[in-house]
Amino acid sequence: MADPCKVIHKGGCHCQRVRWEVEAPNNVVVWKCNCSVCSMRGNTHFVVPSKCFKLMDGAEEFLTTYTFGTHTAKHIFCKICGITSFYVPRSNPDGIAVTVACVDPGTLTNVEIRHYDGRNWESSYIQSSIASFSKSDT
């Protein structure tokens, strides 16, 4: 691990068939979005560069994807239990959004919640710094 401020968080879906690891700080900024999908799912997530996310062996066969609207966001979920433990967000198509509630206990020490107005997506995207969260420091 190159960055000493980052740790490996492990997590996955409810039935544990989808497991992953993500390299991220132990203090994260999570986004609570009110778009039609996130508000129905109650999803609160943090965003990382794609290269910081690793799907564990065997998990892929249990995944399926839902898209709508612009089809940029890839709402990935487990075919067995239905949990979206991660997905590719419209705001950060070069990154991964990790559902904070799906991170195994013990590695997150602080969670800062920021609100994202997904119902007014374009203006919220411009006003927020969310796009920067999938950019790598290295």
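Residues numbered from 1 in each chain as written. Predicted model: local features only at pLDDT ≥ 70, side-chain atom pairs only at ≥ 80, totals over all residues. Heavy atoms only, no water.

A. Broad picture of the UniProt feature "domain: CENP-V/GFA" (unreviewed entry) in the protein chain. What UniProt calls "domain: CENP-V/GFA" (unreviewed entry) maps, in this numbering, to residues 9-122. A distance of 31 Å separates the end C-alpha atoms of residues 9-122, which is 7% helix and 43% strand. (UniProt positions renumbered as here; feature names shortened; annotations may be inferred. Helix = DSSP H or I, 4+ residues; strand = E, 2+ residues; numbered from the N terminus.)

B. Region of interest: the layout of surface pockets. The space that makes up the largest pocket amounts to roughly 320 Å³. For the largest pocket, the lining is made up of 20 residues, of which Cys35, Phe68, Ala73, Arg90 and Trp121 are closest to its centre. Elements that contribute at least two residues to the lining of the largest pocket include exactly strand E3 (27-33) and helix H1 (36-41). Per element, the largest residue contribution to the lining of the largest pocket is three residues, and it comes from H1. Residue composition of the lining of the largest pocket, grouped by class: 12 nonpolar, seven polar and one charged. Each pocket or cavity is described by its volume, and for the second largest pocket that value is around 250 Å³. Lys6, Pro25, Val47, Pro49 and Phe133 are, among the 15 residues lining the second largest pocket, the residues nearest its centre. (1 Å grid on protein atoms, 1.4 Å probe; cavity = no way out; pocket = protein on both sides within 12 Å on 5 of 7 lines; lining within 4 Å. Points joined across faces, edges and corners; volume = space filled by probe spheres on them. Nonpolar A, V, L, I, M, F, W, Y, C, P; charged D, E, K, R; others polar.)

C. Here's a closer look at the sheet that holds strand E1 (residues 6-12). Spatially, three strands are ordered E1-E2-E5 in an open sheet, and the strand pairing comes out antiparallel. The strands lining the two open edges of the sheet, one partner per strand, are E1 and strand E5 (53-55). For this sheet the average axis-to-axis angle between neighbouring strands, irrespective of direction, equals 20°. In terms of strand pairing, strand E2 (residues 19-25) meets E5 through three bridges, oriented antiparallel. (Pairing = 2+ DSSP bridges. Axes fitted to C-alpha atoms, helices over the stretch in contact; angles between N-to-C directions.)

D. Structural detail: the nonpolar core. Counting residues in each nonpolar core, the largest one holds 22 residues, and the members touching the most others are Val18, Trp20, Phe46, Phe86 and Val98. Of all elements in the fold, only E2, E3, strand E4 (44-49), strand E7 (75-78) and strand E9 (95-99) reach the threshold of two or more residues within this core. When residues in this core are grouped by element, the largest group, three residues, is from E2. If we skip the residues at most four places from it in the chain, phenylalanine 46 touches Val22, Ala24, Val28, Val29, Val30, Ile96, Ala97, Val98, Val100 and Val103. With 12 residues, the next largest nonpolar core counts Val29, Trp31, Tyr87 and Ala97 among its residues. (Core = buried A, V, L, I, M, F, W, Y, C linked by side-chain atoms within 4.5 Å. Buried < 20%, exposed > 50% of the residue type's maximum accessible area, 1.4 Å probe, protein only. Contact = heavy atoms within 4.5 Å.)

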